[in-house]
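# A structural walkthrough
Take a look at the letters that make up each chain.
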Amino acid sequence: MSSIESAALENEEEEEDEEDESHNPFEVKMSQIVMPCHSNHRQELSVGQLLKWMDSTACLSAERHAGCPCVTASMDDIHFEHTISVGQVVSIRAKVNRAFNTSMEVGIQVRCEDLFLDRHWRVCNAFATFVTQRSNTGTKVILKPITPVTQKEQVEYSVAAERRRVRMVHDDIIRDLLCHGSVLQAESLAGSHAVPAEKTKVESVELVLPPHTNHQVNTFGGQIMAWMVNVATIAASRLCRAHPTLRTIDMFTFRGPSQIGDRLLLKAIVNNAFKTSMEVGVRAEAYQEEGPNRHINSAFMTFEVLDQQGKPCLLPRIRPEPVEGERRFQEAIARKKIRLDRKYIISRKQGEVPLSVPWDPRNQVYLSYNNVSALKMLAARNNWRLNSEKDKVRLYTLEHKSALSVRVEAEVDVPARRAFKLLAELRNRPSWDSNYKECELIRQVDDDDFLYRVVTPSVTCNGSASPTKQGPGILQDFILLASTRRPCASGDPYVIALRSVSLPTYPPAEGCNRGEVLCAGFTILETSNNKSMISYYNQASPEVLPYLSTDIAGLSSSFYNNFCSCSEYLTKNRQTSCDEEEGQRRVTDPDRYKRNEGADELPIVLSSTEL
């Protein structure tokens, strides 16, 4: 790791620490010095050992909050950014981000410290889902809610609902990708120098003994993960004839427990080999001396082989086995597509160009996740400054990393449920927003996501920095993804998030300049007496900034008049019975209503997780 990278990581971590000064009663910290017994042949910390420590720390945090035994239900994707050497110190912090009914998300941060060079850096972040064990009487233990205090805790609390949403549709994403044959034609199934996949097969049996179990006498989840990493590494080594480095572990779910006396049958095989990386599938089955095998877990791990300069090497091609091997081969391509989508969409910083990510059905889930989480993170920032107020309409501004954001909010005498329904219909916005000349629905993606083309008057700044229209014939258009969310639990707001996307079928129209919206939208929070607090956010991109430039010095007519028009529009249309709407929603879509009201985390059973 270069000194520049190290300095960047140190600054990033210091900034995080400054934001999280308060003591969280559910946070658990673990520090371990890496000894030779924890390392592999290269004197680096074994990933299996690291997973044990991570799972143990997260479990302690979950049980501290729940006040009862908890078990690991699933672990989200983990990307290991750096390796850890013998003699260095591993620091792990885990705390519950959000509790649902009987499940909770635990955030895990892993950092490494070099005691001799006085440096520290991030190794990985992870999110684990834990569920409570039933009480002695067989009843479910309902978790008490988390109350976030710091800005960072508020962000994690808010975005946890979005991550939970992605977990629950992960199976659908895989299936949808496999249905699009054009996505899966990137690799040839055979080659003259390809290695037969069966040569990479590994099987290993482990006997579960008391040291392998947790305090509930079930096999420790971290131990199972460590055994799975071991057989996966052997399978990867058989393809590359070298010592591979584990880079990522895809999201996996524990399907059932195992106990002392169980035999764990671990199977691993290389599913696919790309240019410089390979995916290894691992399956864990438990059985007693008598009885059938029980499938308890599957995982998919990505390995690389690094040269002396630390750069990935080219890998041999793989020839899959007929039928099942070809299925695993194709599914590996689908999972690689998901990883690339996440890296391109979720991991991108908000200020990166271009702002508009190309939209297609296969990256819709992650675009929607990014859209909503970006707005929630913007809303959760605690350094908003009240700029001006007029007739209880308040204008706030926020300057962060050279970006200007505005928030306009006021309370309206309309129930939040009804206000959400009215504002979510973007086609009605030209009737009250002077900045919306036209709004056309391009496509309804699903019940919660929509694509619109919006046309606005084009505005630029003249030499005096005051916005002026370019001319009656010059307009500006935007292709917007609108993502709507109902509250996941009591106290959550309704959310309408907007961001730009690009569509090849909708190029800039003649006479229009194509603009981009970085992050914008509404949050609608139920207050008292059937009223709601409506907040509008906009993180200014260059195309939007001219609309705001005259307003940041004071609450000028544009913000005030638009918000008054919005309030009048909502009040005029509030008479529809919200009780009728709610009853209709319960009848037509009871499952969705249950999900949105904070239902228990459902276990994910993936048809594609078998080896």
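Use the structure listed above.
The residue count restarts for each chain, going from 1 along the sequence in the order it is written. Where totals are concerned, whole chains, interfaces and linings use all residues; where local detail is concerned, this predicted model gives features only for residues with pLDDT of at least 70, and gives and counts side-chain atom pairs only at 80 or more. With hydrogens and water excluded, all non-hydrogen atoms of the structure serve as input to the side-chain values.

### Describing the overall build of the protein
To keep it simple, the criterion reads: Secondary structure elements are defined from DSSP: runs of H or I of at least 4 residues count as helices, runs of E of at least 2 residues count as strands, and each element is numbered from the N terminus. Burial classes: relative accessible area under 20% of the type maximum marks a residue as buried, over 50% as exposed, and values in between as partly exposed (1.4 Å probe, protein chains only). Here, residues are in contact when the closest pair of their heavy atoms is within 4.5 Å. Residue-level accessible areas treat just the shown protein chains as cover; the underlying method is Shrake-Rupley with a 1.4 Å probe.
Across its full length, the protein carries 12 helices and 27 strands. The 611 residues of the protein split such that 54% are buried. Sequence separation of at least 24 residues holds for 71% of the intrachain contacts in the protein that already meet a minimum separation of 6. Roughly 27900 Å² of accessible area belongs to the protein as shown, and the carbon and sulfur atoms make up 51% of that amount.

### Overview of the packing of aromatic side chains
Note the following rule: Here a Phe, Tyr or Trp ring, Trp counted by its six-membered ring, pairs with any other such ring whose centre lies within 6.5 Å, and the pair is stacked when the planes are under 30 degrees apart, edge-to-face when over 60, and tilted otherwise.
In this structure the tally under the stated criterion is seven aromatic pairs. Relative to F254, the ring of F252 has its centre 5.7 Å away and its plane inclined at 80°; by these criteria the two rings are edge-to-face. Grouping aromatic residues by their ring pairs yields a cluster made of W432, F522, Y536 and Y569.

### Considering the sheet that holds strand β1 (residues 28–33)
For clarity, the cut-off: Whether two strands pair comes down to DSSP finding at least two bridges between them. Think of each axis as a best-fit line through the C-alpha atoms, taken over the contacting stretch in the case of a helix, with angles from 0 to 180 degrees between the N-to-C directions.
Ordered by their spatial adjacency, six strands build an open sheet running β1-β4-β5-β6-β2-β10, and the pairing between neighbours is antiparallel. Lying at the two open borders of the sheet, with one neighbouring strand each, are β1 and β10 (252–253). As paired elements, strand β2 (residues 70–75) and strand β6 (residues 119–132) share five bridges and run antiparallel to each other. Directly across from T72, in β6, lies its bridge partner F130. Contacts from helix α2 (residues 47–66) reach β1, β2, β4 (89–99), β5 (103–114) and β6, with the element oriented near 40° to β4. Against the sheet, helix α3 (residues 151–168) touches β2, β4, β5 and β6, its axis set at about 75° to β4.

### Here we look at unusual backbone geometry
Phi is positive for Q43, close to 60°, though the residue is something other than glycine. Since its relative accessible area comes to 41%, Q43 is described here as partly exposed. Even without glycine at this site, K392 takes up a positive phi of about 65°. When you line up the elements, K392 lands in the loop between β16 (385–390) and β17 (393–400).

### Considerations on the environment of S158
Checked against the element boundaries, S158 lands in helix α3. Distance in space between the C-alpha atoms of S158 and D492 is 8.1 Å, their sequence separation being 334 residues. Beyond its immediate chain neighbours, meaning those up to four positions away, S158 contacts R98 and K376.

### With respect to the nonpolar core
For the record, the criterion: By nonpolar core we mean a set of buried residues, namely Ala, Val, Leu, Ile, Met, Phe, Trp, Tyr and Cys, connected to one another through side-chain atoms within 4.5 Å.
Grouped together as the largest cluster of nonpolar side chains are 79 residues, with contacts concentrated most on M54, M104, I108, M278, V280 and M301. The element best represented in this core is helix α5 (residues 221–240), accounting for 11 residues. M278 has contacts with A236, L239, C240, V270, N272, A273, M301, T302, F303 and L315, leaving out every residue within four places of it along the chain. The next biggest cluster of nonpolar side chains, apart from the first, holds 38 residues, and it includes V412, Y494, I496 and L498.

### Regarding the sheet that holds strand β8 (residues 202–207)
Sheets are built from strands paired through backbone hydrogen bonds, the pairs being either parallel or antiparallel. Here six strands make up an open sheet; going across it, the order is β3-β9-β13-β12-β11-β8 and the pairing antiparallel. For this open sheet the edge positions go to β3 (78–79) and β8, each flanked by a neighbour on one side alone. Bridge analysis of strand β12 (residues 278–287) against strand β13 (residues 294–304) gives nine bridges, and the strand direction is antiparallel. Directly across from E279, in β13, lies its bridge partner T302. Contacts between α5 and the sheet are confined to β8, β9 (245–249), β11 (263–273), β12 and β13, with β11 contributing the most and set at about 40° to the helix.

### Considerations on the pairing of β13
Of all 11 residues making up β13, 10 are buried, and the element is well covered by its neighbours. Where β9 meets β13, four bridges bridge the pair, whose relative direction is antiparallel. Bridge assignment links I249 to a residue of β13, and that residue is M301. Counting the residues in the hairpin turn of β12 and β13 gives six residues, including G291, whose phi is positive at 115°.

### Focus: the pattern of salt bridges
Worth spelling out the cut-off: Salt-bridge detection follows one rule: a side-chain nitrogen of Lys or Arg within 4 Å of a carboxyl oxygen of Asp or Glu.
Within the structure shown, the criterion is met by 30 salt bridges. The salt bridge involving E156 is made with R163; its shortest N-O contact spans 2.8 Å. For the pair E156 and R163, a shared accessibility class is recorded, and that class is buried. Residues D448 and R165 are paired through a salt bridge, measuring 2.9 Å at the closest nitrogen-oxygen approach. Taken together, the positions of D448 in the loop between β19 (438–444) and β20 (449–457) and R165 in helix α3 put the pair 283 residues apart, joining distant regions of the chain.

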